[in-house]
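# Results of the structural survey
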Amino acid sequence: MRRPVEFAPYTSLTFGQHCEEAGIRPSTGRTGSCFDDAVTESFFASLETELIDRTAFRPRHHAEQALFAHLEGFYNPRRRHSANGHLSPAEYERRHAAEPSVNRAQTAA
């Protein structure tokens with residue numbers, strides 16, 4: 001499997017300016033920092049060991065269905081993460097969405 005994101009364009013000055021204009025704080029920082037992609041690397045390692053390494057997919061749409069079922073049926077709603085305060089991604093998003101927008105603006109600064 002190839003990673004869905006190539007990192008070089010996302011550390012560019014132009015990308016940073018677009019994010020700032022949209023009010024988005026990008027999750028990447030300095031080029032070459034191992035901490036920038038640690039959560040992403042952890043995700044892909046978990047995905048490989050929990051799903052991909054255990055199954056031979058034929059045809060391709062079986063892989064797509066299994067990936068969707070894993071992400072939406074287990075990973076997002078139930079799998080807890082230390083990077084999210086030991087919450088599932090879905091619970092983290094629910095709590096974050098419930099925060100007043102003032103707190104989110106301060107967190108992004």
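Thresholds, definitions, all that
- Positions within a chain are numbered from 1, following the residues in the order the chain's sequence is written.
- Per-residue local features of the predicted model are confined to residues with pLDDT of at least 70, and side-chain atom pairs are confined, for both listing and counting, to 80 or more; whole-chain, interface and lining totals are unaffected and use all residues.
- Here the side-chain values reflect all heavy atoms present in the structure, with hydrogen atoms and water set aside.
- Centre distance within 6.5 Å is the pairing criterion for rings of Phe, Tyr and Trp, where only the six-membered ring of Trp is used; planes under 30 degrees apart are then read as stacked, over 60 as edge-to-face, and the remainder as tilted.
- Per-residue accessibility, obtained with a 1.4 Å probe over protein chains only, is compared with the maximum for each type, and a residue is labelled buried under 20%, exposed over 50%, and partly exposed between these values.
- For the purposes of this entry, the term helix denotes a DSSP run of H or I that reaches at least four residues, the term strand denotes a run of E that reaches at least two, and both are numbered from the N terminus.

On inspection of all chains with the given rule, the structure shows two aromatic pairs. Taking the centre distance of 5.1 Å and the plane angle of 70° together, the rings of Phe 43 and Phe 44 count as edge-to-face. Phe 43 gets classed as partly exposed once you look at its relative accessible area, which sits at 21%. Taking relative accessible area as the criterion, Phe 44 reaches 18% and is therefore assigned buried. Relative to Tyr 75, the ring of Phe 43 has its centre 5.0 Å away and its plane inclined at 80°; by these criteria the two rings are edge-to-face. Remark: Tyr 75 occurs in helix α3 (residues 60-78) and Phe 43 occurs in helix α2 (residues 38-50); sequence separation between them is 32 residues.

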